[in-house]
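Chain by chain, the residues run as shown.
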Amino acid sequence: MSRELDEFWALLKKLSDAFGVSGFEDEIRGIILDELRSVADEVRVDKWGNVVAVKRGQRDGAKVMWAAHMDEIGFLVRAIDDKGFLYLAPVGGWSDRVVPAQRLRIRLDNGRTIYGVVGMKPPHLLSPEEQKQVIPLNKLFVDIGASSREEAEKMGLRVGLPVDLDREAGRLTETRVTGKAFDDRVGVAVMLWAFRNIDPDEQTVYAVATVQEEVGLKGARIAAYQLRPDAAIALDVTTANDVPDVPPQDKVVELGKGPAIKVADGRGASGLIAHPKIFHLLVETAKEEGIPYQLELLPGGTTDAAAIAFTVEGVPAGAISIPTRYIHSPVELLDLRDALNSAKLLEKATLRITKQYLEQ
Ligand code: CO
Ligand code: ZN
């Protein structure tokens, strides 16, 4: 297990540290393409940048689509002021509370990177009321070390450039790790891992690394339309809220207790109610293969599976979620064993998806 853990961690860290704000996925896409080329029968990139890798079985069976999003939440430069400070617009769902005091990376048109910090008043100057306030994102400014707009522009800054967090993933213990973009680079890592291992007999397996999930499940929708799969499984993170001051009934899932099999997600279950065929297949597979698992009801947010499920004539879809704490923060935290077990569950369950099973 330990060598497997080390290898998986190296892959996850490489993926998480890469730049890939929604709509600006070039760098992360390059890494994913490198990982897939040697193991796929065919790899292509579609018009919006989804990566589609194909592995075909010996016989002509069910077409199974896997989806994990390669994009991460981030920002766009919204304005540059006379003193050379930048202002941000959010890309994806940020909590304003986590943005102050972060170090950021700004990707220039020439591919180079500029660093900045989110500045703020020091505590010495704050009134007692201000001390308690959350500063809204639109009031935050980024200091890139420039002293004027002209200097910032000379450095290559312009309105519209993408920005991510300058945060390298790190290993806390043998199995627990933290990083900026485990949502959803851990899903991508799980998918790549399972894709490398799977040897389908009759299935055609499509491993799709999708774009623009964080801004509305956009890449997955067009990929499903292109592929017309018979079934789909999305890989994404889910909230492990097993932390102090949360009553046990509100924890959603726990770290280290295995992959989470999606029951439903979204407010009022409006995201996705997993298709019963996929849900039961995942549960049965976990039981029979001796893979630990948990059931997931996520009260907010959804995954690519929701977009794939209701495309074209409809696709039976479900999701395997990797329990993760502090999602959409610079310090997302997970247990590598849950990820490896997710990859195993994905592989074993997919081998059981037959046309006969789907039609019965
Ligand atoms: Co997300
Ligand atoms: Zn995600």
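Note that the coordinates shown come from a computational prediction; the quantities given were computed from them, not determined experimentally.

A.B. asks: How would you summarise the packing of helix α5 (residues 182-197) against helix α9 (residues 336-351) if you had to cite specific residues and measurements?
C.D. replies: Geometry of a packed helix pair, given as the angle between the helix axes and the separation of the axes. The N-to-C vectors of α5 and α9 enclose an angle of 50°; their axes lie 8 Å apart at closest approach. In terms of axis orientation, α5 runs oblique to α9. Between α5 and α9 lies a crossing whose hand is right-handed. Of the residues in α9, those touching α5 at V186, V190, M191, W193, A194 and N197 are A339, L340, S342, A343, L346 and E347.

A.B. asks: How would you explain the pairing of strand β12 (residues 204-210) if you had to name every residue and give the values?
C.D. replies: Across the 7 residues that make up β12, a large majority, 7, are buried. For strand β2 (residues 51-56) and β12, the ladder comprises 6 bridges, and the chain directions are antiparallel. Counted as the bridge partner of A53 is A207 from β12.

A.B. asks: Outline the coordination of the cobalt ion (ligand 1), supporting the account with residue identities and numerical values.
C.D. replies: Coordination of the cobalt ion (ligand 1) by the protein is provided by D183 (OD), E214 (OE), E214 (OE) and H328 (NE2), with metal-donor distances spanning 1.9 to 2.7 Å. In this structure, the cobalt ion (ligand 1) is coordinated by 4 donor atoms arranged in irregular fashion, with angles at the metal of 54 to 149°. The sequence pattern formed by the donor residues of the cobalt ion (ligand 1) is D-x30-E-x113-H. A spacing of 3.3 Å is found between the cobalt ion (ligand 1) and the zinc ion (ligand 2), which share D183 as a donor. With D183 in helix α5 and E214 in the loop between β12 and α6 (218-227), this residue pair connects regions lying 31 residues apart in the sequence. Across the pair, exposure class does not vary: D183 and E214 are buried alike.

Cut-offs used in this document
Residues numbered from 1 in each chain as written. Chains lettered and ligands numbered in written order. Predicted model: local features only at pLDDT ≥ 70, side-chain atom pairs only at ≥ 80, totals over all residues. Heavy atoms only, no water. Axes fitted to C-alpha atoms, helices over the stretch in contact; angles between N-to-C directions. Helix = DSSP H or I, 4+ residues; strand = E, 2+ residues; numbered from the N terminus. Parallel < 35°, antiparallel > 145°, perpendicular 65-115°, else oblique. Left-handed = near helix turned anticlockwise from the far one by under 90°. Contact = heavy atoms within 4.5 Å. Buried < 20%, exposed > 50% of the residue type's maximum accessible area, 1.4 Å probe, protein only. Pairing = 2+ DSSP bridges. Donors = N, O, S within 2.8 Å, 3.2 Å for Na, K, Ca; no water. Tetrahedral: all angles 85-135°; square planar, octahedral: opposite > 155°, others 65-115°.

Scope: geometric values only; no functional claims are made or implied.
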